[in-house]
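Each chain is listed here by its residues.
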Amino acid sequence: MPGLLRGVARTAVISGTATAVSNRVSRRQAGRWAQQDRERQRTYEQDVVPPAPAAAAPAADDMTSKIDQLKQLADLRAAGALTDEEFAAQKRRVLG
């Protein structure tokens, strides 16, 4: 009986050690894969996806400059430097 108990205990220790090593290897490999996925995603976003804020900012700046130009044209018309026809033509050009 002591020989049988010693054999069972030895098998349990070996099995437990193998399981622990296997789990550690699996976690390490999963970590590597996750890191590779993050790097691929980052590369994809840099290469393929255009940055949204940069695209939105010029549109706002462009609209602001158009509004400023229209105000200047209105001031010139009010001052008598532009006729109504000239104002309308310049307005169409600005709004394009």
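Not measured: the values here are computed from a predicted model.

Caption draft 1: Seen up close, the environment of Ile-67. Structurally, Ile-67 is set in helix α2 (residues 52-79). Sequence separation between Ile-67 and Leu-95 is 28 residues, and the spatial gap between their C-alpha atoms is 9.3 Å.

Caption draft 2: The confidence of the model for the chain, seen in detail. The predicted model of the chain averages 83 in pLDDT, with 85% of residues at 70 or higher. Least confident of the elements in the chain is α2, whose mean pLDDT is 78; most confident is helix α3 (residues 84-95), at 88.

Caption draft 3: Expanded view of the packing of aromatic side chains. Taken as a whole, this structure holds 0 aromatic pairs when the rule is applied. A cation over a ring is seen here: Arg-77 above Phe-87, with NZ or CZ 4.1 Å from the ring centre.

Caption draft 4: Main features of α3. Its 12 residues place the ends of α3 16 Å apart at the C-alpha level, agreeing with the 16 Å of an ideal helix rising 1.5 Å per residue. In the stretch just after α3, Gly-96 is the one whose phi turns positive, near 45°.

Rules and cut-offs
- Residues numbered from 1 in each chain as written.
- Predicted model: local features only at pLDDT ≥ 70, side-chain atom pairs only at ≥ 80, totals over all residues.
- Heavy atoms only, no water.
- Helix = DSSP H or I, 4+ residues; strand = E, 2+ residues; numbered from the N terminus.
- pLDDT = per-residue confidence, 0-100.
- Phe/Tyr/Trp six-rings, centres within 6.5 Å; stacked < 30°, edge-to-face > 60°.
- Lys NZ or Arg CZ within 6 Å of the ring centre and 35° of its normal.
- Expected span 1.5 Å × (residues − 1).

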